[in-house]
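The primary structure of each chain is shown beneath.
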Amino acid sequence: MKALCAFFSILFFLVSVHAPLALAQPSPTEQLQVAIETGKRGAYELATRLITDIIDSGELNSSALTMAYNGRALMWLERGMLQEAFDDFNSAIRISPGDPDAYYNRADAWTIAGEPDKAKADFETAADAFFNRGNGWFDMGEYERAIYDYTKSLELRPNDGDAYLYRGIAYK
């Protein structure tokens, strides 16, 4: 009987020490990545709800919050809910005004909304932001990331000699 009591005491101790590790919740950023992947699989309504819950938690840093608003805006866009998409793109831009992705995606939304002048303005802003972010990556020695951003800038502004020059240097 003493052996059985000792066994259960040890078992209780092990479970109480290790159970919290097994029950650990993913971080809000990890939850956001799962929600965005859910949307990429076509479950836009579910992804929208998941992202909303993550935003409402108040646990995201500004970079992740920008990604959350941008991601949820894309889900709204897929669902044909333009005003909600614009609201979230605007929130992402307000939080991170130098982030090119929100401008690029909002430009797509302006195109869908039949507003080509607004789309062009956002595409121009995105091109500048991609170029500037490329310069930042270049300065940090992150050449693959710099090349990616210079290439995105060139997709939007194909005659930009500076982007070609800096992308060429980054390839070296």
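Residues numbered from 1 in each chain as written. Predicted model: local features only at pLDDT ≥ 70, side-chain atom pairs only at ≥ 80, totals over all residues. Heavy atoms only, no water.

1. Quick word on helix 7 (residues 116–139)
- For helix 7, built from 24 residues, the straight-helix expectation of 34 Å at 1.5 Å per residue is met to within 8% by its first-to-last C-alpha distance of 34 Å.
- Among all positions of helix 7, only Ala 119, Asp 122, Ala 126, Ala 127, Ala 129, Phe 130, Phe 131 and Gly 134 are buried.
- On its buried face, helix 7 sits against helix 6 (100–112), helix 8 (143–156) and helix 9 (161–171).
- Positive backbone phi, at 80 degrees, marks Gly 141, one or two positions downstream of helix 7. (Helix = DSSP H or I, 4+ residues; strand = E, 2+ residues; numbered from the N terminus. Expected span 1.5 Å × (residues − 1). Buried < 20%, exposed > 50% of the residue type's maximum accessible area, 1.4 Å probe, protein only. Contact = heavy atoms within 4.5 Å.)

2. As for the confidence of the model for the chain
- Per-residue confidence for the chain averages 88 on the pLDDT scale, and 87% of its residues sit at or above 70.
- Taken element by element, the predicted model of the chain shows its lowest mean pLDDT in helix 1 (residues 2–22) (44) and its highest in helix 5 (residues 82–95) (98).
- Confidence drops under a pLDDT of 50 for residues 3–15, and excluding neighbours within four residues, the segment shows 2 contacts in the predicted structure.
- Segment residues 17–22: pLDDT under 50, and 2 contacts once partners within four positions in sequence are set aside and those in other chains are kept. (pLDDT = per-residue confidence, 0-100.)

3. Observations regarding the packing of helix 3 (residues 44–57) against helix 4 (residues 62–78)
- Orientation of helix 3 relative to helix 4, taken along the N-to-C sense of each, is 155 degrees, at an axis distance of 9 Å. Comparing their axes, helix 4 and helix 3 come out roughly antiparallel. The handedness of the crossing between helix 3 and helix 4 comes out as left-handed. Contact residues: helix 3 offers Tyr 44, Ala 47, Thr 48, Ile 51, Thr 52 and Ile 55, while helix 4 offers Leu 65, Ala 68, Tyr 69, Gly 71, Arg 72, Met 75, Trp 76 and Glu 78. (Axes fitted to C-alpha atoms, helices over the stretch in contact; angles between N-to-C directions. Parallel < 35°, antiparallel > 145°, perpendicular 65-115°, else oblique. Left-handed = near helix turned anticlockwise from the far one by under 90°.)

4. Quick look at the packing of helix 4 against helix 6
- The contact between helix 4 and helix 6 brings their axes to 10 Å, and the two run at 15 degrees. In terms of orientation, helix 4 lies roughly parallel with respect to helix 6. As for the relative orientation of helix 4 and helix 6, their crossing is left-handed in sense. Taking contact as the criterion, the partners of Asn 70, Leu 74 and Leu 77 in helix 4 are, on helix 6, Asp 101, Ala 102, Asn 105, Ala 109 and Ile 112.
- Of the residues in the contact of helix 4 with helix 6, the class split is 5 nonpolar, 2 polar and 1 charged. (Nonpolar A, V, L, I, M, F, W, Y, C, P; charged D, E, K, R; others polar.)

5. Section: helix 4
- Along its 17 residues, helix 4 runs 24 Å from first to last C-alpha, staying within 8% of the 24 Å computed at 1.5 Å per residue.
- The set of residues buried in helix 4 consists of Ala 64, Thr 66, Ala 68, Tyr 69, Asn 70, Gly 71, Arg 72, Ala 73, Met 75, Trp 76 and Leu 77.
- On its buried face, helix 4 is in contact with helix 2 (28–40), helix 3, helix 5 and helix 6.
- Of the residues flanking the start of helix 4, the one acting as N-cap is Asn 61, its side-chain oxygen 3.1 Å from the backbone nitrogen of Ser 63.
- A positive phi of about 75 degrees marks Gly 80, the residue just after helix 4. (Polar contact = N/O pair within 3.5 Å; in protein donor to acceptor, adjacent residues only side chain to side chain.)

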